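Remarks on the overall topology
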Amino acid sequence: MTDATDMAGQPATASDLLADAALEIAGTEGWRSVTLAGAAARAGIDPLTARRTLRCKAGLLAAISSRVDAAMVAALDEDATDPAIPVRDRLFEALMARLDFVAANRAAFVSILDGLPRDPGTALASLPSLGRSMARTLDAVGDRTAPPFGPLKVKGLALVWLATLRVWHGDDSPDMAATMKALDGYLARAEEMANTFIPGARVVNAPAEAQEPV
């Protein structure tokens with residue numbers, strides 16, 4: 001688990017602390033046991049402050065996504081935005097950086113992926129945060145997210161990410177070989193469809209094989 005700092009080594013915010021507490025609870029007790037009040041108690045944060053910060057369980061999930069975003073950004077180097085490197089390769093590295101954080105908290109994220117289908121309200125409410133995370137991923141590799149093609153790339157990358165998470169869920173190998181192979185294949189298919197249907201865009205579609213945002 002992460003400690004009481006952000007990914008840049010700065011003091012963690014209330015949102016960070018609540019997200020980390022929620023991950024701890026999910027990892028030991030399951031996603032159904034996660035509540036904003038419980039996370040606040042675990043994090044040592046006043047319940048009113050917690051509610052003002054994140055408002056609800058979907059807010060906790062958004063905060064967890066932000067933790068994944070921050071871990072990704074911290075893991076990437078200057079090559080992430082090097083235009084000499086194909087954007088597909090840069091996206092592969094960025095999504096693998098996301099998966100490294102997810103894998104480091106495997107029990108918690110498996111619990112979230114298992115629990116969200118039985119918590120559709122939270123899953124639906126968290127979809128905007130999924131979009132923001134995918135936009136941050138594209139931004140992190142220097143790929144434009146502005147209209148007209150940016151929103152389509154965000155949606156396509158979200159489908160790639162969700163499909164990859166489904167594979168990761170069943171891949172308990174230490175090197176995530178099956179997950180890496182699947183991710184590479186999904187990005188290749190996404191790039192092919194993008195180049196076919198939307199000139200000038202790279203990643204705009206992907207296999208719709210998953211439904212649970214993280």
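Counting from 1, residues in each chain are numbered in the order their sequence is written. Owing to the predicted nature of the model, reporting of local features is limited to residues with pLDDT of at least 70; listing and counting of side-chain atom pairs is limited to 80 or more, with chain, interface and lining totals taken over all residues. Heavy atoms throughout the structure, all of them, feed into the side-chain values; hydrogens and water do not.

1. A word on helix α8 (residues 127-140)
Short version of the rule: Here a helix means four or more residues in a row that DSSP labels H or I, a strand means two or more in a row labelled E, and each is numbered from the N terminus. A helix's residues, less one, multiplied by 1.5 Å, set its expected span. Each residue is placed in one exposure class: buried if its accessible area under a 1.4 Å probe, protein chains only, is under 20% of its type's maximum, exposed if it is over 50%, and partly exposed if it falls in between. By definition, residues are in contact when any of their heavy atoms lie within 4.5 Å.
Compared with an ideal rise of 1.5 Å per residue, which puts 14 residues at 20 Å, α8 spans 20 Å between its outermost C-alpha atoms and is within 8% of the ideal. Three or more residues of α8 are buried, namely S129, L130, S133, M134, A135, T137, L138 and A140. At its buried positions, α8 is contacted by α4 (57-75), α5 (87-104) and α9 (150-169). Taken from the residues just after α8, G142 is the one with a positive phi, measuring 75°.

2. Focus on the nonpolar core
What counts is decided by this rule: As used in this record, nonpolar core signifies buried Ala, Val, Leu, Ile, Met, Phe, Trp, Tyr and Cys residues forming a set joined through side-chain atoms within 4.5 Å.
If you look at the biggest cluster of nonpolar residues, it comprises 60 residues, and the most contacted ones within it are F109, I112 and W168. Ranked by residues supplied to this core, first place goes to α5 with 10 residues.

3. Quick notes on the side chain of T122
On the secondary structure map, T122 appears in helix α7 (residues 120-125). On the basis of relative accessibility, which here comes to 9%, the residue T122 falls in the buried class.

4. Considerations on the packing of aromatic side chains
Using the following cut-off: Each Phe, Tyr or Trp ring (for Trp, its six-membered ring) is paired with any other whose centre lies within 6.5 Å, and the angle between the two planes then decides the class: stacked below 30 degrees, edge-to-face above 60, tilted in between. We call a charge positioned over a ring when the NZ of a Lys or the CZ of an Arg lies within 6 Å of the ring centre and within 35 degrees of the ring normal.
Counted according to the given criterion, the structure contains one aromatic pair. Ring centres of F101 and F109 lie 6.2 Å apart, and the angle between their planes is 75°; on these two criteria the pair is classed as edge-to-face. Of the two residues examined, F101 and F109, each falls in the buried class. The side chain of R98 reaches across the aromatic face of W161, ending 5.0 Å from its centre. In this structure, R106 packs its charged tip against the face of W168, placed 4.5 Å from the ring centre.

5. Some points on unusual backbone geometry
Omega for the peptide link from P147 to P148 comes to 5°, which places this bond in the cis form. With respect to the helices and strands, the residue P148 is situated in the loop between α8 and α9. In this model, R55 sits at a positive phi of 75°, which is unusual for a non-glycine residue. The residue R55 is located in the loop between α3 (47-54) and α4 in this model. By relative accessible area, R55 is classed as exposed at 65%. Positive phi is not limited to glycine here, since M176 has a value of about 50°. Here M176 lies in the loop between α9 and α10 (177-197).

6. With respect to the pattern of salt bridges
Stated formally: A pairing counts as a salt bridge when a side-chain nitrogen of Lys or Arg comes within 4 Å of a carboxyl oxygen of Asp or Glu.
As enumerated under the stated definition, the model contains 10 salt bridges in all. For D16, the salt bridge is made with R67, and the minimal N-O distance between the two is 3.7 Å. Highlighted residues: D16 in helix α1 (residues 14-29) and R67 in helix α4, separated in sequence by 51 residues. Accessibility assignment for this pair places D16 and R67 in one class, buried. Notably, a salt bridge pairs R42 with E29, separated by 3.4 Å at the nearest N-O pair. With R42 in helix α2 (residues 36-43) and E29 in helix α1, the pair connects residues that are 13 residues apart, well separated along the chain. With relative accessibility at 39%, the residue R42 sits in the partly exposed group. In this structure, a network of salt bridges that share partners links the residues D16, D20 and R67.

7. Here we look at the packing of α5 against α9
This is how the line gets drawn: Angles run from 0 to 180 degrees between N-to-C directions of axes, and those axes are lines fitted to C-alpha atoms, restricted for helices to the stretch in contact. The cut-offs work like this: below 35 degrees is roughly parallel, past 145 is roughly antiparallel, 65 to 115 is roughly perpendicular, and the gaps in between are oblique. We call a crossing left-handed when the near helix sits turned anticlockwise from the far one by less than a right angle, and right-handed when that turn is clockwise. Ten residue types, Ala, Val, Leu, Ile, Met, Phe, Trp, Tyr, Cys and Pro, are classed as nonpolar, four, Asp, Glu, Lys and Arg, as charged, and the remainder, Gly among them, as polar.
Running from amino to carboxyl end, α5 crosses α9 at an angle of 45°, the nearest separation of the two axes being 12 Å. Relative to α9, α5 is oriented oblique. With respect to the hand of their crossing, α5 and α9 are arranged in right-handed fashion. Across the interface between the two elements, L91, L95, R98, L99, V102 and A103 of α5 pack against L157, V160, W161, T164, L165 and W168 of α9. Across the contact of α5 with α9, the residue classes tally to 10 nonpolar, one polar and one charged.

As far as function goes, none of this settles anything; it's purely spatial.
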